[in-house]
Number of protein chains: 2
Amino acid sequence: MALRHAVLAALLDGEFSGYQLAKGFDIGVANFWHALPQQLYAELTRLEGDGLVSGREVVQDGRPNKRMFRVTDAGVTELQRFATAPAKPSFIRDDLLVKVQAVDGVDATPVIAQLQERAAVAEAKVEVLGKLLRRLRGDVDEEEFLLTGQRIGPYLTCQRGLAFESETRAWCLRAAELLVRRGSAGRAPSGSAHRRPAG
Amino acid sequence: MALRHAVLAALLDGEFSGYQLAKGFDIGVANFWHALPQQLYAELTRLEGDGLVSGREVVQDGRPNKRMFRVTDAGVTELQRFATAPAKPSFIRDDLLVKVQAVDGVDATPVIAQLQERAAVAEAKVEVLGKLLRRLRGDVDEEEFLLTGQRIGPYLTCQRGLAFESETRAWCLRAAELLVRRGSAGRAPSGSAHRRPAG
DNA sequence: CCTCCATAGTCAAGAATCTGAGTAGTCAGA
DNA sequence: TCTGACTACTCAGATTCTTGACTATGGAGG
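About the cut-offs
Residues numbered from 1 in each chain as written. Chains lettered and ligands numbered in written order. Predicted model: local features only at pLDDT ≥ 70, side-chain atom pairs only at ≥ 80, totals over all residues. Heavy atoms only, no water. Helix = DSSP H or I, 4+ residues; strand = E, 2+ residues; numbered from the N terminus. Rg over C-alpha atoms; globule rule 2.2 N^0.38 Å. Contact = heavy atoms within 4.5 Å. Areas by Shrake-Rupley, 256 points an atom, 1.4 Å probe, with all protein chains shown as cover. Lys, Arg positive; Asp, Glu negative; His and termini not counted. Charge placed at Lys NZ, Arg CZ, Asp CG, Glu CD. Salt bridge = Lys/Arg side-chain N within 4 Å of Asp/Glu carboxyl O. Polar contact = N/O pair within 3.5 Å; in protein donor to acceptor, adjacent residues only side chain to side chain. Domains from an automatic or database assignment. Buried area = accessible area lost by both parts, 1.4 Å probe. Least-squares fit on C-alpha atoms with pLDDT ≥ 70 in both. Phe/Tyr/Trp six-rings, centres within 6.5 Å; stacked < 30°, edge-to-face > 60°. Lys NZ or Arg CZ within 6 Å of the ring centre and 35° of its normal. Pairing = 2+ DSSP bridges. Axes fitted to C-alpha atoms, helices over the stretch in contact; angles between N-to-C directions. Near = heavy atom within 4 Å. Nonpolar A, V, L, I, M, F, W, Y, C, P; charged D, E, K, R; others polar. Expected span 1.5 Å × (residues − 1). Buried < 20%, exposed > 50% of the residue type's maximum accessible area, 1.4 Å probe, protein only. UniProt positions renumbered as here; feature names shortened; annotations may be inferred.

So, the overall build of chain A
Part 1: Looking only at helices and strands, chain A features nine helices and four strands.
Part 2: When the helices and strands of chain A are placed in sequence order, the string is α-β-α-α-α-β-β-α-β-α-α-α-α.
Part 3: Against the globule reference of 16 Å for 199 residues, chain A gives a C-alpha radius of gyration of 22 Å, more extended than a compact globule.
Part 4: When the backbone C-alpha atoms are referred to their principal axes, chain A occupies close to 65 × 45 × 40 Å.
Part 5: Sequence separation of at least 24 residues holds for 62% of the intrachain contacts in chain A that already meet a minimum separation of 6.
Part 6: For chain A, the accessible area works out to roughly 9,600 Å², and carbon and sulfur atoms hold 53% of it.
Part 7: In chain A, 27 positive and 25 negative side-chain charges are present, and the distance between their average locations comes to 7 Å.

Comments concerning the interface of chain A and chain B
Part 1: Listed as interface residues are 80 residues of chain A and, on the opposing side, 82 residues of chain B.
Part 2: On inspection of chain A and its partner chain B, the count reaches four salt bridges.
Part 3: Note that Glu-143 of chain B is salt-bridged to Arg-181 of chain A, the shortest N-O span being 3.4 Å.
Part 4: In this assembly, chain A and chain B are joined by 41 residue pairs in polar contact (both at pLDDT 80 or more).

Here's the deal with the domain arrangement of chain A
All names here are of chain A.
Part 1: Examined at the domain level, chain A breaks down into domain 1 (3–84) and domain 2 (95–182).
Part 2: Between the C-alpha centres of domain 1 and domain 2 there is a distance of 26 Å.
Part 3: Domain 1 puts eight residues into the contact, and the matching count from domain 2 is nine residues.
Part 4: Roughly 580 Å² is buried in total at the junction of domain 1 and domain 2, and carbon and sulfur atoms are behind 56% of that figure.

A closer look at the relation of the copies chain A and chain B
Part 1: Superposition record for chain A on chain B: RMSD 0.1 Å, screw rotation 180 degrees, translation along axis 0.0 Å. Here the two chains are linked by the operation of a two-fold rotation axis. Measuring from the rotation axis to each C-alpha of chain A, the shortest distance belongs to Ile-92 of chain A, at 2.6 Å.

Some thoughts on the packing of aromatic side chains
Aromatic rings considered in pairs are described by the distance between their centres and by the relative angle of their planes.
Part 1: Counted by the stated rule, this structure contains three aromatic pairs over all chains.
Part 2: With 4.9 Å between their ring centres and 55 degrees between their planes, Phe-145 of chain B and Tyr-155 of chain B make a pair best called tilted. Remark: Tyr-155 of chain B occurs in helix H9 (residues 153–182) and Phe-145 of chain B occurs in helix H8 (residues 142–148); sequence separation between them is 10 residues.
Part 3: Lys-99 of chain A extends its terminal NZ or CZ atom over the ring of Phe-82 of chain B, reaching a point 4.8 Å from the ring centre.

A few points about the sheet that holds strand E1 (residues 16–17) of chain A
All names here are of chain A.
Part 1: Strand order in the open sheet made by the three strands is E1-E3-E2, with antiparallel pairing throughout. Looking at the sheet topology across the chains shown, the edges are occupied by E1 and strand E2 (53–58).
Part 2: One ladder, built from two bridges, connects E1 with strand E3 (residues 66–71); its direction is antiparallel. Residue Ser-17 lies in a different strand from E3, and its bridge partner there is Met-68.
Part 3: The sheet contacts of helix H1 (residues 3–11) involve E1, E2 and E3, and relative to E3 the element is tilted by about 90 degrees.

Overview of the protein's contact with DNA strand C
Part 1: Inspection of the region around DNA strand C gives 22 residues, with Tyr-19, Tyr-41 and Gln-60 of chain A together with Gln-38 and Gln-39 of chain B positioned closest.
Part 2: Each atom of DNA strand C within 4 Å of the protein belongs either to a base or to sugar and phosphate, the latter forming 68%.
Part 3: The separation between a base oxygen of DNA strand C and a polar side-chain atom of Gln-38 of chain B is 2.7 Å.
Part 4: At the level of secondary structure, the elements contributing two or more residues to the surface near DNA strand C comprise helix H2 (18–22), helix H4 (37–49) and E3 of chain A together with helix H4 (37–49) of chain B.
Part 5: A per-class count over the surface near DNA strand C returns seven nonpolar, nine polar and six charged.

Some thoughts on helix H7 (residues 109–137) of chain B
Part 1: Counted at 1.5 Å a residue, the expected span for H7 of chain B with its 29 residues is 42 Å, and the 42 Å between its end C-alpha atoms agrees.
Part 2: All of the buried residues in H7 of chain B are Pro-110, Val-111, Ile-112, Gln-114, Leu-115, Arg-118, Ala-119, Ala-122, Leu-129, Gly-130, Leu-132 and Leu-133 of chain B.
Part 3: Here the buried face of H7 of chain B lies against helix H5 (73–84) of chain A together with helix H3 (27–32), helix H6 (95–101) and H9 of chain B.
Part 4: Following H7 of chain B by one or two positions, Gly-138 of chain B has its phi on the positive side, about 65 degrees.

With respect to the side chain of Arg-160 of chain B
Part 1: Its location among the elements puts Arg-160 of chain B in helix H9.
Part 2: Glu-167 of chain A provides the closest opposite charge to the buried, salt-bridge-free Arg-160 of chain B, at an N-O distance of 4.6 Å.
Part 3: When residues no more than four places from it in sequence are discounted, the contact partners of Arg-160 of chain B are Leu-97, Phe-164, Glu-167, Thr-168 and Trp-171 of chain A.

Here we look at the pattern of salt bridges
Residue and element names in this part refer to chain B.
Part 1: Summed over all chains, the structure comprises 30 salt bridges over all chains.
Part 2: Where Arg-4 meets Glu-43, a salt bridge forms, and the shortest distance between an N and an O atom there is 3.4 Å. Remark: Glu-43 occurs in helix H4 and Arg-4 occurs in helix H1 (residues 3–11); sequence separation between them is 39 residues.
Part 3: Arg-4 gets classed as buried once you look at its relative accessible area, which sits at 9%.

Description of the UniProt feature "domain: Transcription regulator PadR C-terminal" (unreviewed entry) in chain A
Part 1: Following the UniProt record, the feature "domain: Transcription regulator PadR C-terminal" (unreviewed entry) maps to residues 92–179 of chain A here.
Part 2: Across residues 92–179 of chain A one finds 80% helix and 2% strand; the C-alpha atoms that close the span lie 23 Å apart.

Examining the protein's contact with DNA strand D
Part 1: Close contacts around DNA strand D come from 21 residues, with Gln-38 of chain A together with Tyr-19, Gln-38, Gln-60 and Arg-67 of chain B the closest.
Part 2: Among atoms of DNA strand D positioned within 4 Å of the protein, sugar and phosphate together represent 62%.
Part 3: Interatomic distance of 2.6 Å between a side-chain N/O atom of Gln-38 of chain A and a base oxygen of DNA strand D.
Part 4: With respect to DNA strand D, the backbone of Asn-65 of chain B contributes an N or O atom lying 3.3 Å from a sugar or linking oxygen.

Below you can see the structure in the form of structure tokens.
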């Protein structure tokens, strides 16, 4: 039960519709929590039912109506409670790392391709996050913003996201290059990779 | 359906019991995929049913019997297929980042404490992973090992884990120190953090 | 005119994951 | 002797997440 808190935290920045949240309007949020639109809509409905957010219908013409949500005082209280509760350890779940772990046992070609692809995606995210950081801090420099800004939470999480993506990119490129240099591509290793421990 | 491939990849290193897998015998695996013991046991049973791993009963005295598993040829084929399939984008899910995102809206004290705690955990992991890397590469230096070693998958994923934990540690310490310097601790921000956009 | 894309959602079903407890023997320490 | 910790695993139930639809309107491009 933490998607709810991610949504609450995202809504601290103002009023948003489920659609906006789903669009990853704030890369920062997508950055530490990932969810499909359906989940967000469902969660917003639940949150409203629990009185932690309040929604209002906005009638639009030329396009469908939408519902905009903001955090209520009860929602802030709930966030406060959540902040005090012990944090669960974070974890990565990454298909690509699984593939790299297994790369000695299979043909490396597709893994190399995916590492390069991932590096490109990470690079794009680095740029987006860099822009977002500049936008968040405005004209002042980072040091000053962090000490005096009123809303530093999103800035800090974006920093973390940026570092993560940057590191991801570097690692993917190193790993891909290494696999290319080893010439592991094209040939599947003989037999299975595991060696019987003198069995 | 990717826990199964994580388990297969982990078993490429040899023969292991569910208990060993669960213990995170290989930090490298815990590093890119997290699962509870129950899941691992269930997955191993399913994998065996599908013929992707084979298990054998090992009778022990003085302690319960166990079942040791190894990957079958069909399992390697399945890993090969998995490696070729498009990878889903990775994502982090982290309670602590949610809390930091919301830190402007709530009392920072517990968040600071959790950042420091997390930094300590990350530091411990950095050391464990560092040792694991040294053990994996043996006497040769990294460059040489990566070019000539037979089993570099786990080494690469450990490298990634190490970089991640190291970055986590640095960020947590920076963020905690910043929040302390801002003196955001002890006082809950007045009212809710969101400001009505001139509503 | 027809199709695709964007907006703005909703619903249902199934897979994956987590919570929590239970079994059962061995060994170490108070 | 009792308690707790370690090995080794199992089961049931709840929650969460993913997959894959489906509704409906408006505008752009071919």
